[in-house]
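In case you want the letters, here they are:
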Amino acid sequence: MLSLTRIATVFGLLIGAIAASSAPSAADEQTIKAFAAWQGRGQMFDTGPDRTTFVGSFTGMIFVETEKGPLDAGLMVCPAFVDVNPKDGTQEGKGRCTISAKDGSRAYADIACKGVHLVGCDGDFTFTGGTERFAGITGGGPITIGSGLQEISTTGGNIVHESAGGIIIWPKLTIKLP
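Being a predicted model, the structure only gives us computed values, none of them experimental.

What counts as what
Residues numbered from 1 in each chain as written. Predicted model: local features only at pLDDT ≥ 70, side-chain atom pairs only at ≥ 80, totals over all residues. Heavy atoms only, no water. Helix = DSSP H or I, 4+ residues; strand = E, 2+ residues; numbered from the N terminus. Buried < 20%, exposed > 50% of the residue type's maximum accessible area, 1.4 Å probe, protein only. Areas by Shrake-Rupley, 256 points an atom, 1.4 Å probe, with all protein chains shown as cover. Core = buried A, V, L, I, M, F, W, Y, C linked by side-chain atoms within 4.5 Å. Contact = heavy atoms within 4.5 Å. Phe/Tyr/Trp six-rings, centres within 6.5 Å; stacked < 30°, edge-to-face > 60°. Disulfide = S-S within 2.5 Å.

**Student:** Where do I start with the overall build of the protein chain in this structure?
**Tutor:** In terms of helices and strands, the protein chain carries one helix and eight strands. The secondary structure elements of the protein chain, listed N-terminal to C-terminal, are α-β-β-β-β-β-β-β-β. Residue burial in the protein chain is summarised as follows: out of 178 residues, 40% are buried. Total accessible area computed for the protein chain in this model is approximately 9,200 Å², and 57% of it derives from carbon and sulfur atoms.

Here's what the structure looks like:
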């Protein structure tokens, strides 16, 4: 099992919430548990007889789980779209995320999941690169996204404004740094 210090150092290198005192060794790889409370907003459009499409973004703070409790580990923003079948509630979503460190370094990732609209979905999170100290980052893992709060308002035509909130859970997030 990883020590609290090792978890904090690895995740701090990932998104900069923890000031790491030394650089990781070549091909450093760790697996951690993390979660983010998120809030999203965007618009939903009728895009077919059996499909509506949400276009928007979700943002939140990321926390890493440690034996001492959750540790604040950075901020993320994910522009995304979700196709929903209004007849059976099934959904499929994709997005791209930016995780920002306090020092300006960024890690980028793709996110995709399938599930039930306003309930949640399961899928994958894959690092696609980064800047500065995150250049060359790879890894990722399974995700579960849960939805909770929802607020809907309509304007003319087929545009529906939606706000929601929930949680993203990374039960096994693998981080590989070159």
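**Student:** Would you mind showing me how to read the environment of Ile62 here?
**Tutor:** Tracing the chain through its elements places Ile62 in strand β2 (residues 51–66). Taking the C-alpha atoms as reference, Ile62 lies 9.6 Å from Ile169; in sequence the two are 107 residues apart.

**Student:** Got a minute to help me understand the nonpolar core in this structure?
**Tutor:** Formed by 30 residues in total, the largest nonpolar core has its most connected members in Phe58, Met76, Phe125, Phe127, Ile145, Ile168 and Trp170. Of all the secondary structure elements, the ones that give two or more residues to this core are β1 (28–48), β2, β3 (69–84), β4 (90–100), β5 (106–116), β6 (120–130), β7 (138–154) and β8 (159–177). With six residues, the single largest contributor to this core is β8. Apart from residues lying up to four places away in sequence, Phe125 is in contact with Cys97, Ile99, Ala109, Asp110, Ile111, Gly139, Gly140, Gly141, Ile143, Trp170 and Leu173.

**Student:** Help me understand unusual backbone geometry in this model?
**Tutor:** Phi is mostly negative for residues that are not glycine, and the peptide bonds are mostly trans. A positive phi angle, close to 50 degrees, is found at Glu132, a residue other than glycine. Residue classification places Glu132 among the exposed residues on the basis of a relative accessible area of 57%.

**Student:** How should I be thinking about the packing of aromatic side chains in this particular structure?
**Tutor:** Two measures describe an aromatic ring pair: the distance that separates the ring centres and the angle between the ring planes. Evaluated as defined, the whole model comprises four aromatic pairs. A centroid spacing of 5.3 Å and a plane angle of 20 degrees characterise the contact between Phe35 and Phe63, whose relative ring orientation is stacked. Residue Phe35 is located in strand β1, and its partner Phe63 is located in strand β2; the two are separated by 28 residues in the primary sequence. Classification of Phe35 as buried rests on a relative accessible area of 18%. A network of ring pairs unites the aromatic residues Phe125, Phe127 and Trp170 as a single cluster.

**Student:** How do you make sense of the state of the cysteines when you look at a structure like this?
**Tutor:** Simply put, the disulfide is a covalent bond whose two ends are the sulfur atoms of two cysteines. In this structure the tally under the stated criterion is two disulfides. The disulfide bridge from Cys78 ends at Cys97, spanning 2.1 Å between sulfur atoms. Across the disulfide from Cys78 to Cys97, rotation about the S-S bond amounts to roughly 115 degrees, and the bridge is consequently right-handed. Of this pair, Cys78 sits in strand β3 while Cys97 sits in strand β4, and the two are 19 residues apart along the sequence. The pair Cys78 / Cys97 is uniform in exposure class, with both members buried. Covalent S-S linkage joins Cys113 and Cys121, the inter-sulfur distance amounting to 1.9 Å. Handedness here is read from the sign of the S-S torsion; for Cys113 and Cys121, about -50 degrees, the answer is left-handed. Across the pair, Cys121 and Cys113 agree in class, each one buried.

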